[in-house]
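# Results of the structural survey
So you can see what is in the structure, the chains are spelled out below.
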Amino acid sequence: MFKLDDNFLKDIGLADLPEDQKLPMLKDIYDTLELRVGMRLAEQMTEAQMDEFEALVDGQDAGGDAAKHWLETNFPGYKEVVAEELAKLKAEILATSEQIISHLNEEKAA
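Thresholds, definitions, all that
- Residues numbered from 1 in each chain as written.
- Predicted model: local features only at pLDDT ≥ 70, side-chain atom pairs only at ≥ 80, totals over all residues.
- Heavy atoms only, no water.
- Helix = DSSP H or I, 4+ residues; strand = E, 2+ residues; numbered from the N terminus.
- Buried < 20%, exposed > 50% of the residue type's maximum accessible area, 1.4 Å probe, protein only.
- Contact = heavy atoms within 4.5 Å.
- Areas by Shrake-Rupley, 256 points an atom, 1.4 Å probe, with all protein chains shown as cover.
- Lys, Arg positive; Asp, Glu negative; His and termini not counted.
- Charge placed at Lys NZ, Arg CZ, Asp CG, Glu CD.
- Salt bridge = Lys/Arg side-chain N within 4 Å of Asp/Glu carboxyl O.
- Polar contact = N/O pair within 3.5 Å; in protein donor to acceptor, adjacent residues only side chain to side chain.

## A word on the overall build of the protein
- What the protein contains, in helices and strands, is five helices and zero strands.
- The proportion of buried residues among the 110 residues of the protein is 28%.
- Partitioning the contacts of the protein with sequence separation of at least 6, the portion at a separation of at least 24 is 64%.
- For the protein, the accessible area works out to roughly 7,300 Å², and carbon and sulfur atoms hold 54% of it.
- One finds the centroid of the 11 positive side-chain charges in the protein at a distance of 6 Å from the centroid of its 25 negative side-chain charges.

## Considerations on the pattern of salt bridges
- Counting across every chain of the model gives seven salt bridges.
- Ionic pairing is found between K22 and D6, a salt bridge with its closest N-O pair at 4.0 Å. Pair noted here: K22 is in helix α2 (residues 19-42) and D6 is in helix α1 (residues 6-11), with a separation of 16 residues, a long-range link.
- For the salt bridge of K22 with E19, the shortest nitrogen-to-oxygen distance reads 2.9 Å.

## Quick word on the side chain of E85
- Within the secondary structure layout, E85 lies in helix α5 (residues 78-109).
- When its relative accessible area of 5% is taken as the criterion, E85 is described as buried.
- A distance of 2.8 Å separates a polar atom in the side chain of E85 from a polar atom in the side chain of R40.
- A polar side-chain atom of E85 sits 3.2 Å from a polar atom in the side chain of K88.

Structural data, given as structure tokens:
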């Protein structure tokens, strides 16, 4: 589907991040994407679906296969939601990438 790595950082203008900031930045991006996708999907879920999905996520196996399978079964278009939210997030980060790098470099210098 997509891969959050150095190439991804390059695509969004963050290739020049300090090395010690790359993994935390990728984690933040993943967490933000997960939250946004979750919010969009939650708008479409019934209360029962919400409870069922939350139970799968809370008891998630290492790869999250049960939750992915549930999404594929109950929301077959979820990958499009992921792609849309990822595109929005990439555009937002790309628009502010210089400020992000500058801010992180200032923090590191302080």
